[in-house]
Amino acid sequence: MPLSKRSTLTQFLIEERRRFPGASGDFNALILDVALACKAIARSVAYGELAGVLGNHPAEGGTSVNVQGETQKKLDVISNDMFISANNWGGHLAGMASEEMDDPYQIPGQYPRGKYLLVFDPLDGSSNIDVNVSVGSIFSVLRAPQDVIDSGRDIVASDFLQPGTRQLAAGYALYGPTTMLVLTVGTGVNGFTLDPGLGEFKLTHPNIQVPPDTQEFAINASNSRFWEAPVKRYVDECLAGKTGPRGKDFNMRWIASMVAEAHRILMRGGVFMYPRDTKDASKPGRLRLLYEANPIGMVMEQAGGRASTGSVPMLGVQPNALHQRIGLVFGSKHEVERIERYHAEPQPYKDEASPLFNERSLFRD
Ligand code: AHG
Ligand code: MN
Ligand code: MN
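**Comments concerning the coordination of the manganese ion (ligand 2)**
Binding of the manganese ion (ligand 2) to the protein goes through D121 (OD), D124 (OD) and E292 (OE), at separations of 1.8 to 2.1 Å. Donor residues for the manganese ion (ligand 2), ordered by position in the chain, follow D-x2-D-x167-E. In this structure, the manganese ion (ligand 2) is positioned 3.7 Å from the manganese ion (ligand 3), and both are ligated by D121. As far as burial versus exposure is concerned, D121 and D124 are alike and both buried.

Right, dumping it as structure tokens:
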């Protein structure tokens with residue numbers, strides 16, 4: 001008999017649980033409910049226009065808009081509903097929060113309440129859905145505050161405002177050429193591929209490690225005029241290639257589905273930046289702390305990579321709002337550390353000195 005039988009997600013979770021003989025099984029059941037939601041979303045994504053799920057979500061007077069002021073796709077709403085219906089009945093959760101819901105979701109009265117909080121981005125990269133490019137779901141599991149567990153009271157937004165270091169589990173599903181679930185329960189990162197015939201996630205990528213060095217970066221360069229000096233410096237040095245200060249050529253990618261970029265980085269290294277910029281003073285960054293930056297940050301750190309605001313480790317940030325935005329840099333450790341160093345250094349760097357922004361710039365006529 002082999003000592004280990006970690007071939008499916010269920011078996012993997014059972015083996016993880018054996019390390020905690022007192023565990024109730026709630027946590028495993030919760031992860032399996034999340035996996036069920038992801039399988040249901042994968043199926044809707046795969047049917048696409050055949051199921052009539054592409055396009056914007058209709059609402060009175062046009063299309064609906066979420067709390068971020070972003071147009072909702074039909075699949076944003078469908079995916080959110082699938083997360084809720086897979087997770088609201090099992091008795092494992094005290095509540096949920098999502099990119100697509102302004103306020104926290106209360107577990108309906110007819111179901112028992114549990115000790116965990118689930119936070120999610122039901123469909124990340126949803127602007128890509130109508131063009132048949134990979135999208136994903138991102139999730140984070142926190143423990144509910146003790147008084148919520150003891151009293152069973154309704155949850156409020158402040159119950160979710162816990163730093164990323166407090167996450168018990170995090171991960172994402174990627175709906176690409178194959179559907180994958182990438183999960184950390186705080187003991188490294190494991191990747192599972194959906195066998196669509198069997199309807200099971202199988203462990204195909206055990207113990208994923210992010211290479212510490214890379215020659216690949218990802219950033220939306222159309223925002224370059226809004227970047228802060230340390231980011232301009234970093235990107236300029238990459239673009240300068242072999243003849244520049246880095247002494248090597250870099251490659252660039254931008255999928256506009258963070259979950260797909262995170263997966264590429266887990267597989268072969270790289271650095272992703274959606275830094276704080278000056279585009280809109282009311283939005284300190286594009287991505288959201290609780291359901292994008294923190295879960296991806298935990299996955300990266302558990303895989304030996306690094307996640308940062310650009311200046312400080314992401315997982316240490318104390319959130320101040322449910323839908324808080326933040327600058328996000330993650331990926332190969334040595335590159336993220338370099339970007340943090342550039343933010344920490346006094347900044348003699350001048351835009352005018354940059355090959356990106358001078359007369360012969362790539363981004364100017
Ligand atoms: P979401 O679809 O959940 O709103 O997130 C999209 C995010 C992220 O996945 C991606 O990296 C980024 O937005 C793309 O932003 P740009 O459109 O500025 O490139
Ligand atoms: Mn997103
Ligand atoms: Mn989303």
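**Considerations on the domain arrangement of the chain**
As far as domains go, the chain holds domain 1 (3–205) and domain 2 (216–357). Put simply, the middle of domain 1 and the middle of domain 2, counted by C-alpha atoms, are 25 Å apart. Each partner contributes residues to the interface: domain 1 has 47 residues there, and domain 2 has 32 residues. When the two sides are added together, the surface that domain 1 and domain 2 hide from each other amounts to roughly 2900 Å², 64% of it contributed by carbon and sulfur. Taken as a group, Q68, L161 and Y172 account for 20% of the area that domain 1 buries against domain 2, more than any other trio of residues on that side.

**Re helix α8 (residues 333–344)**
Here α8 contains 12 residues, and its C-alpha end-to-end distance of 16 Å stays within 8% of the 16 Å for a straight helix at 1.5 Å per residue. Along α8, the residues that are buried comprise E335, V336, I339, E340, Y342 and H343. Projected onto a plane normal to the axis of α8, the buried residues spread over an arc of 155° and lie on a single side. Against the buried residues of α8 lie α5 (229–240), β13 (271–274), β15 (306–308) and β17 (328–331).

**Brief notes about the coordination of the manganese ion (ligand 3)**
Each angle at a metal carrying four tetrahedral donors should ideally be 109.5 degrees, and each at a metal carrying six octahedral donors should ideally be 90 or 180 degrees. Only E99 (OE), D121 (OD) and L123 (O) from the protein coordinate the manganese ion (ligand 3), and they sit 2.3 to 2.8 Å from it. Counting along the primary sequence, the residues that act as donors to the manganese ion (ligand 3) give the motif E-x21-D-x1-L.

**Considerations on the layout of surface pockets**
Roughly 640 Å³ of volume is contained in the largest pocket. In terms of lining, the largest pocket is formed by 33 residues, of which the most central are E70, Y274, R286, L287 and R288. Those elements giving two or more residues to the lining of the largest pocket turn out to be β5 (116–124), α6 (258–268), β13 and β14 (287–288). By residue number, the principal contributor to the lining of the largest pocket is β5, which donates three residues. Grouping the amino acids of the lining of the largest pocket by side-chain chemistry returns seven nonpolar, 10 polar and 16 charged. Residue-level mapping places the lining of the largest pocket at the junction of two domains, with at least three residues from each of domain 1 (3–205) and domain 2 (216–357).

**A short note on the site of ligand 1**
Taken together, 18 residues form the shell around ligand 1, and within it D124, G125, S126, M258 and Y274 come nearest. M258 has a polar backbone atom sitting 2.8 Å from an oxygen atom of ligand 1. Interatomic distance of 3.1 Å between a side-chain N/O atom of R286 and an oxygen atom of ligand 1. For ligand 1, whose free accessible area comes to 480 Å², the fraction covered by protein is 87%. Comparing atom positions with the cavity grids shows ligand 1 to sit within the largest pocket. Those elements that provide at least two residues to the shell around ligand 1 are β5, β13 and β14.

About the thresholds
- Residues numbered from 1 in each chain as written.
- Chains lettered and ligands numbered in written order.
- Predicted model: local features only at pLDDT ≥ 70, side-chain atom pairs only at ≥ 80, totals over all residues.
- Heavy atoms only, no water.
- Donors = N, O, S within 2.8 Å, 3.2 Å for Na, K, Ca; no water.
- Buried < 20%, exposed > 50% of the residue type's maximum accessible area, 1.4 Å probe, protein only.
- Domains from an automatic or database assignment.
- Contact = heavy atoms within 4.5 Å.
- Buried area = accessible area lost by both parts, 1.4 Å probe.
- Helix = DSSP H or I, 4+ residues; strand = E, 2+ residues; numbered from the N terminus.
- Expected span 1.5 Å × (residues − 1).
- Arc of directions from axis to C-beta.
- 1 Å grid on protein atoms, 1.4 Å probe; cavity = no way out; pocket = protein on both sides within 12 Å on 5 of 7 lines; lining within 4 Å.
- Points joined across faces, edges and corners; volume = space filled by probe spheres on them.
- Nonpolar A, V, L, I, M, F, W, Y, C, P; charged D, E, K, R; others polar.
- Near = heavy atom within 4 Å.
- Polar contact = N/O pair within 3.5 Å; in protein donor to acceptor, adjacent residues only side chain to side chain.
- Areas by Shrake-Rupley, 256 points an atom, 1.4 Å probe, with all protein chains shown as cover.
- Sits in = over half its atoms within 2 Å of the grid points.

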